[in-house]
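# Coordinates in review
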Amino acid sequence: MEIKNKIFYLENKRWIIGSILFAILLLLPIFTLLYKLIYVEGNSFKYLLENILLDYSFNTFYLILITAFFSLLFGIIPAWLVSIYKFPGRNFLDIVLYLPLAIPSYIMAFTYSDILSYTGPIQSFLRENFYNISIFFNQDYLQIEVLGIIMALALYPYIYTVSRVSFSLVGANYINVSKNLGLSSFKTFYKIILPLSRPAIFSGLFLVLMEVLNEYGAVKYFGVNTYTTGIFRAWFSMGDIGTAIQLSVILLLVVFSIFYIEKYYHSKTKFYYKTNSTIQSLGKLNRINKFLAISLCLIPFLFGFFIPLIFILNNVFLTFSSIDFKDLLQLTYNTISISSISSFLIILIALFFLFIEKISKTRVNYFISQSISMGYAIPGAVIGLGLIILFAFIDNFFSSFTFLGSFFILIYAYVIRFLAVGKSPIKSSLEKHPESYDDTGKNLGLGPLKLLQKIHLPINKFALITAFIVTFIDLMKELPITLILRPFNFDTLATQTYEFAVEEMIPLSSIYSLMIILIGSVLLLFLKNIINKQVNVS
Amino acid sequence: MKNIFYTLIMCSLFLSCDTNEKKSNEVNLYSQRHYSVDKLQYENFTKLTGIKVNVIKANADELIERLRNEGENSPADLFITVDAGKLQKAVELELLQKVNNNIIDANISDDLKDKNGYWVPITYRARIVVYSNDRVQKSDLSTYEDLANEKWKNRILVRSSSNAYNQALMSSIVANLGSDVASNWSNGIVNNFAREPKGSDRDQVKAIAAGQGDLAIVNSYYIGLLLSSEKEEELNAGKSVSVFFPNQGENQRGSHINVSGIGLAKNSPNKDNAIKLMEYLTSEDAQNTYVNNSYEYAANPNVKPSKIVQAWGTFKRDKLDLNSLGKFRKEAIRIFDKTGWK
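A few words now on the overall build of chain A. Helix and strand content of chain A: 25 helices and zero strands. Radius of gyration (C-alpha) of chain A: 24 Å, near the 24 Å computed for a compact globule of 538 residues. In terms of its C-alpha atoms, chain A occupies a principal-axis envelope of roughly 80 × 70 × 50 Å. Evaluated residue by residue, chain A yields a buried proportion of 46% over its 538 residues. Pairs at least 24 apart in sequence give 83% of the contacts found in chain A among residues at least 6 apart.

What follows is the structure, encoded as structure tokens:
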């Protein structure tokens, strides 16, 4: 076995070297920024420490905590109910609980602040009809706690998705055993299902936390200073690159510690479990519990999707006369084409690295595979600036041709930032398949390309489609990279939404938000279909 | 007949080669402005001159970073901002070149001009005080400095110090009165906050309507936008407040203003077209379009504000050299950080 791997490694050395070079290419903009750090004056850290670090750290961690708590709540409870019990509307809820992912969190934040505001529909209605109650609701809703809940509403589907699959996989065997042992349903959930599903839930939570750490628009609007807003403030407003990079490094450290805490914890408690073998029969509920289950599942859907959608639709009708449909069509075309080309490339590159990692099994390739995911932890605008600095330098060599301002650079930045998103579904799918496939393939003398083409592409088909859709939706919502690196006259639905929103013209931005939400929803419904096929979720 | 046709084709080919080499039919903008009115202006300019306008819209600082790194290769002809401070920053980084043009010069008010001749203002806006009609007497209001007075405790609303308009206001205070006075002022304002800074300028006005505070520091045109809102409740919120221009007394310096302006990029590849666009944007026609769509004040003295804005009356502008808004920016942010203006 060892020897076989060695031979394979020697025969396919150029693949491995190729992957190393490619990884360096992807990390180059990050290296460029670190290189810039050398020229930074030393005293900015003192300023940071004395004035702002404490406040920024507190806000960042507090926001993470609130968002994590509520997204776990919104994600796990419905996933548990839908996976285990039978109640009216269950199939419908199972589908629509994914949909909030189609709404970018900044749009969710702007929308809710409008809904809740003094001039919004709720307070206006109460003021006119129940004046005494309206006084109680006249509050300042731009609070960090409210922001945390809004972000959780936009992000919980990451947790719902993984929990739903995991709960179904753990499935019937364990539930039956625990029931025979006399555990109540709640205890079964708490003592058995939840611990067994923890790695899956954590992978979802990790994505949620990354999104929170990188959020800029919503956080700034709510007046909450986090590491990310600090980076922008230091870099752009003060021209203080040193402080900005120091904050970026702190941000990266936070990300790594979250990641490694779980890894350490996970390595101490290893579970081996058999996945669902028998189709599980769904538990029955009495009337009151049915009602309770439906309500609990409805909450995240209603607040995370239905209400914002209605509000956005209402704005669209209000501004209907000023909608430029030709423009809308053009922006939709731009958005779809750039997102699909980029997603396709990202999937291809993710597959390349994962595949090399799988067949070579060297430490180097494991390390490479980990480090190219780093881009996801870095704010988009920071990646954008890294690329500007790098390519301005390169462009000065080729005076006849410039990279900056081309689609190439934009897509390059997308790849760096979103590779991790595309990687994760493919990775978990590759890990599920036994090693023996590779060994048999290798024994039959298949080279890496053939191995990929004959074995891995077909058996990972669904994971690839999943990865494509998830990446596409994220790209469609992307803002900071597109803003700074786009070519002349290139607008997307997201940039147009932002431009209206930032000028405080939310109603005019609604038609563009609606388009993002529609495209996202269609893709998510399609994705749900695939997931159902992929794992036999009952 | 055939010969004439061929000659024409040859001529046009020759001419097109020529234009390709010496002057293209385009102009490239890096712009921080992204109002709907800008699109309209560029379309009108293209109709008038046949010159195509290409735009990249992003935050000013990011655009500066892009310009700086692109250096000689930069395709940008013009750099447009909504803050004189950013124009000054671009000048400091040697990204702009001087513009000497009589038409543009004649189009704009003298006191708004860049003294060094690097950038051209197109519109300006005042950062003013709006106050609750029910809870504040106009006679109680006087200057920016007075807002630090204890009588306004728990009554002042303003957005975060990350916002460029607040940074410009603080820079103007530092430039006019010095760092120490500015620090004390900031301390006073922070003590008088009705709530932590957050939201947009429009949200501050809504918060007055909601009774969460009594007065707010906002940009003038947002009130115009609120008063032209399609939503009745927003309209009501706009009507529940009045506009006050601070520092209008005889010996006082006038209300703080900031310009939205254009700079000609140092390595502009389509300089002639760029200057034509500058001429156009400062012309009375274009200035009228700005005023009536975005509720800003025109840089061209012959153009009156929109009706909504005219209703607030005229005011005295702070004559401070607008480049100070950039020069003192870093100091302004330090003061914000030290005094806890979030």
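Atom-level detail of predicted coordinates should not be read off regions where pLDDT is low. Across chain A, pLDDT averages 83, with 91% of residues at or above 70. The element-level mean pLDDT for chain A is lowest in helix 1 (residues 2-11) of chain A, coming to 59, with helix 9 (residues 144-155) of chain A highest at 95.

Residues and elements named next belong to chain B. At a closest axis distance of 7 Å, the pairing of helix 6 (residues 164-177) and helix 7 (residues 179-192) adopts a crossing angle of 135°. One finds that helix 6 runs oblique with respect to helix 7. Classified by chirality, the crossing of helix 7 by helix 6 is right-handed. From helix 6, Met170, Ile173, Val174 and Leu177 reach across to helix 7, where they touch Ser179, Val181, Ala182, Trp185 and Ser186. Among the residues making up the contact of helix 6 with helix 7, the classes are represented as seven nonpolar, two polar and no charged.

Listed as interface residues are 47 residues of chain B and, on the opposing side, 41 residues of chain A. Among the secondary structure elements, those contributing two or more residues to the side of chain B that touches chain A are strand 2 (52-57), helix 3 (60-70), helix 8 (201-209), helix 9 (220-227), helix 10 (232-239) and helix 15 (329-339) of chain B. Top contributing element to the side of chain B that touches chain A by residue count: helix 3 of chain B, with six residues. Split by residue class, the side of chain B that touches chain A holds 12 nonpolar, 14 polar and 21 charged.

Here the focus is the environment of Lys138 of chain B. Residue and element names in this part refer to chain B. Note on placement: Lys138 falls in the loop between strand 5 (119-132) and strand 6 (156-157). Residue Lys138 is classed as exposed on the basis of its 9 C-beta neighbours within 10 Å. Sequence-wise, Lys138 and Val243 are 105 residues apart; in three dimensions their C-alpha atoms are separated by 9.4 Å. Not counting chain neighbours up to four residues away, the residues in contact with Lys138 comprise Ser242 and Phe244.

It is characteristic of soluble globular proteins that their nonpolar side chains tend to be buried jointly. In terms of nonpolar packing, the biggest core is built from 244 residues, with Ala109 and Ala413 of chain A together with Leu78, Phe79, Val130 and Val205 of chain B touching the most fellow members. Broken down by element, this core gets its largest block of residues, 12 residues, from helix 19 (residues 407-432) of chain A. With residues up to four places along the chain from it excluded, the contact list for Ala413 of chain A reads Ile383, Gly384, Leu387, Ile481 and Leu485 of chain A.

In terms of burial, strand 7 (residues 215-219) of chain B is largely enclosed, as five of its five residues are buried. Here strand 7 of chain B shows a buried face lined by Leu215, Ile217 and Asn219 of chain B and a second buried face lined by Ala216 and Val218 of chain B.

Calculation notes
Residues numbered from 1 in each chain as written. Chains lettered and ligands numbered in written order. Predicted model: local features only at pLDDT ≥ 70, side-chain atom pairs only at ≥ 80, totals over all residues. Helix = DSSP H or I, 4+ residues; strand = E, 2+ residues; numbered from the N terminus. Rg over C-alpha atoms; globule rule 2.2 N^0.38 Å. Buried ≥ 20, exposed ≤ 12 C-beta atoms within 10 Å, placed from the backbone. Contact = placed C-beta atoms within 7 Å. pLDDT = per-residue confidence, 0-100. Axes fitted to C-alpha atoms, helices over the stretch in contact; angles between N-to-C directions. Parallel < 35°, antiparallel > 145°, perpendicular 65-115°, else oblique. Left-handed = near helix turned anticlockwise from the far one by under 90°. Nonpolar A, V, L, I, M, F, W, Y, C, P; charged D, E, K, R; others polar. Core = buried A, V, L, I, M, F, W, Y, C linked by C-beta atoms within 7 Å.

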